[in-house]
Amino acid sequence: MTQSSESKLQLDPEEVTPSPGNNPLAMRPMMGNEAIARGAWEAGCKVAAAYPGTPSTEIMENLAKYPAQDLHAEWSTNEKVALDVAIGGSFAGVRSFTSMKHVGLNVASDALMSQTYIGVNGALVLAVCDDPGIHSSQNEQDTRIYGHLAMTPVLEPTDAQEALEFTRLAFDLSEQFDTPVIVRSTTRLSHTRSLVQTGERLEVPCKGFREEPKKNVMIPGHARLRHGALIERERALKEYLESSDLIRWERGGDELGIITLSTAYTYVKELMPDASILKLGVSYPLPDAKLREFCASVKRVIVVEELEPIIENELKILGLKVEGKSLFPREGEFSTDVVREGLVQAQLLPPRAKIEALEVQPMARPPLLCAGCPHTSSYMALRALNSRVSGDIGCYTLAAVEPLKAIDTTVSMGSSIANASGMALAGTESRPIVATIGDSTFLHAGLPPLINAVYNNANITVLLLDNHITAMTGGQHHPGTGRNLRGEEAHQVDYEALIKSVGVKWIKTIDSYNMGTVFQTLREATEYKGVSVVIVDRPCVLDPVKLKGPAFQVNAEACTGCQTCMNLGCPAISWTDELYEGHHKVTIDEAACIGCSLCAQVSSTNCIEPIEAPQSL
Ligand SMILES: Cc1ncc(C[n+]2csc(CCOP(=O)(O)OP(=O)(O)O)c2C)c(N)n1
């Protein structure tokens, strides 16, 4: 799977493992995402674009560590834009790449569904990271289904070494079979470190644009011809896979055969080291003859696959007798324990004796907005105004739960504004309708619904929560921050001018640390008939730099335990352990408090004061 090298390895000095002998080809520990980035770089990728999303974000962050003369790497405004940029690179004749989380592929899917008909000029590879167990997502969808739908090969690495090798290989397969290729990861692989043998970068000459209108321009007459080409491509890929190293047959006894892939393979290997295993390095398409041969070689076949029964159903369509989802769950993340449960149910392993000590569950810690989070005051005000709030996706989604509890709906990135429009245009809601959306989300998918709201005269208020960063995914730049992926200066969007240009007549920018102004402005905005926009402007307290001003303290004498400050949900505020005259008082953790002053502003007894003279943050 390794390719010959035509160039010297160029690495960021921080990337190079100091031993042995600073050899760039040494083994080094890498996260799955880092390995995918490395694979793309080694494959000679020249154009790379992505929009952040857990668990995929570090792929592009790592690609940007390679020299700019090797490749262009960017944060794009959303996943469809990112894929289209990569498609542009492929049209231009260079190897191109995009990465995204699973739901990002929903956004990019329109382009993918056409591009799969077009094929590629320079290679086109998509790394898509699924999130079984929903650690940090709005759903648990299985990207392998997109592979089928788009008739696009889906490679399935198990560990970081394979993540690198499969990504490299994906570029070759893309050009060999004239197809985009998906490299699928999951949270477990993306965020787990293991030792990786790296290689050198392959410098691939640019092929130049190919004048092929019948292939490059998807009008009905051309698309009809291409559909047939896709079916032929699937056949050719299946034939290739019959003898490819991507399908590994680990021979064991003839009683049991297990077909598995991705990280599920490691759990199977741990539990059934002696079984016959067919390890699939690809989930679409599949080598039918190899599958038939494997199933015929054993008495019982079990498919161990996380999420949907994709492989199981394929085998059943081939008329093969297999078991799968009758033993293993269709939802949630797999682990050794989950797979063991299924194998116990299949009577292949004895039930495990319960170990009481391990039954203790860790204390639940509900997620909270940070101390001093600039989103807090907006949701305090919205609750006080009894608004009907359509939310969006970002840190601020945490305002949906106690104690702020000020968001009524959350669907997908960019949905808030059109959801609010729909509710308003239904004409049935008596409360003021407010859409709340973060700055990165607004630039991702908030503009078309805002244009639509103005166009269709929806009576809504849009609260643009501008914290100058994509905070939810760890602090990435976007076109509103004035910096690009490599941290260089870039054009900064002027929100007021942009919003004005689409026809919004009522716009105000305010400081989120001024509680009175936030409340007053929101009241005025919701009284306006038509689309009003309030931009709540304050940098995130963690990114790009951690903010910390002098802390506030509670004057215990004056505190009556009224709980007003508690409504902020600030993690720096808690009850005292001791009782004062029969009730607890409030205390502020000096180390956690960043001095935003919101608690002092909302306090009904004026019992909160700065420890030292406040500074502006
Ligand atoms: C389609 C899609 N792409 C990416 C993500 C990952 N993601 C969740 S929220 C978010 C952006 C958050 O930034 P912003 O809107 O500025 O809000 P903040 O977290 O800064 O408050 C991203 C990229 C997602 N959930 N869905």
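Note that the structure is a prediction, hence the values are computed from the model and not measured.

*Asks:* Hey, could you go over the confidence of the model for the protein for me, with residue numbers and the actual values?
*Replies:* Summing up the model confidence of the protein, the mean pLDDT is 93 and the portion of residues at 70 or higher is 94%. This model gives residues 1-22 a pLDDT under 50, and the stretch forms 29 contacts once residues within four places in sequence are excluded.

*Asks:* Go over the packing of helix H3 (residues 79-92) against helix H4 (residues 102-118), please, and point to the residues and values.
*Replies:* At a minimum axis distance of 7 Å, the contact between H3 and H4 shows a crossing angle of 35 degrees. The element H3 and its partner H4 pack so that their crossing is right-handed. Residue-level contacts link Glu79, Lys80, Ala82, Leu83, Asp84 and Ile87 of H3 to Gly104, Leu105, Val107, Ala108, Asp110, Ala111, Leu112 and Gln115 of H4. Looking at side-chain class alone, the contact of H3 with H4 contains eight nonpolar, two polar and four charged residues.

*Asks:* Give a detailed account of the site of the ligand, specifying residues and quantitative values.
*Replies:* Around the ligand sit 24 residues, and of these Gly53, Gly394, Gly438, Ser440 and Ala471 come closest. Counting residues per element, the ones that place at least two in the shell around the ligand are H4 and helix H16 (439-455). Along the lines of polarity and charge, the residues of the shell around the ligand split into 12 nonpolar, 10 polar and two charged. There are two domains that each give the shell around the ligand at least three residues, and those are domain 1 (13-242) and domain 3 (376-537).

*Asks:* Give a description of the sheet that holds strand E14 (residues 388-390) that names residues and reports values.
*Replies:* Read across the sheet, five strands follow the order E14-E15-E16-E18-E17 without closing on themselves; strand pairing throughout is parallel. The two strands at the open ends of the sheet, each matched to only one other strand, are E14 and strand E17 (506-511). Strand after strand, the sheet turns through a mean of 20 degrees between neighbouring axes, direction not considered. Both strand E16 (residues 461-466) and strand E18 (residues 532-537) contribute to a ladder of six bridges, which runs parallel. Paired with Leu464 across the strands is Ile535, a residue of E18. On top of the sheet, H16 reaches strand E15 (433-438) and E16; it is set at about 135 degrees to E15, its chief contact. Docked against the sheet, helix H18 (residues 515-527) engages E15, E16, E17 and E18, running at close to 170 degrees with respect to E17.

The rules we used
Residue positions are given per chain, counting from 1 as you read along its sequence in written order. Residue-level local features of this predicted model are given only where pLDDT is at least 70; pairs of side-chain atoms are given and counted only at 80 or more, and the full residue set underlies all totals for whole chains, interfaces and linings. pLDDT gives the predictor's per-residue confidence on a scale running from 0 to 100. By the convention adopted here, residues are in contact when the distance between their C-beta atoms, placed from the backbone, does not exceed 7 Å. In this description, a line fitted to the C-alpha atoms serves as the axis of each element, helices being fitted only across the stretch in contact, and the angle between N-to-C directions of two axes falls anywhere from 0 to 180 degrees. A run of DSSP states H or I qualifies as a helix once it reaches four residues; a run of E qualifies as a strand once it reaches two. Both are numbered from the N-terminal end. The handedness criterion is simple: a crossing whose near helix is rotated anticlockwise from the far helix by less than a right angle is left-handed, and one whose near helix is rotated clockwise is right-handed. Basically, the charged four are Asp, Glu, Lys and Arg, the nonpolar ten are Ala, Val, Leu, Ile, Met, Phe, Trp, Tyr, Cys and Pro, and anything else, Gly included, counts as polar. Being near a molecule or strand means, for a residue, that its C-beta atom, positioned from the backbone, comes within 6 Å of it. Where each domain starts and ends follows an automatic or database-derived domain assignment. Strand pairing is defined by DSSP finding a minimum of two bridges between the two strands.

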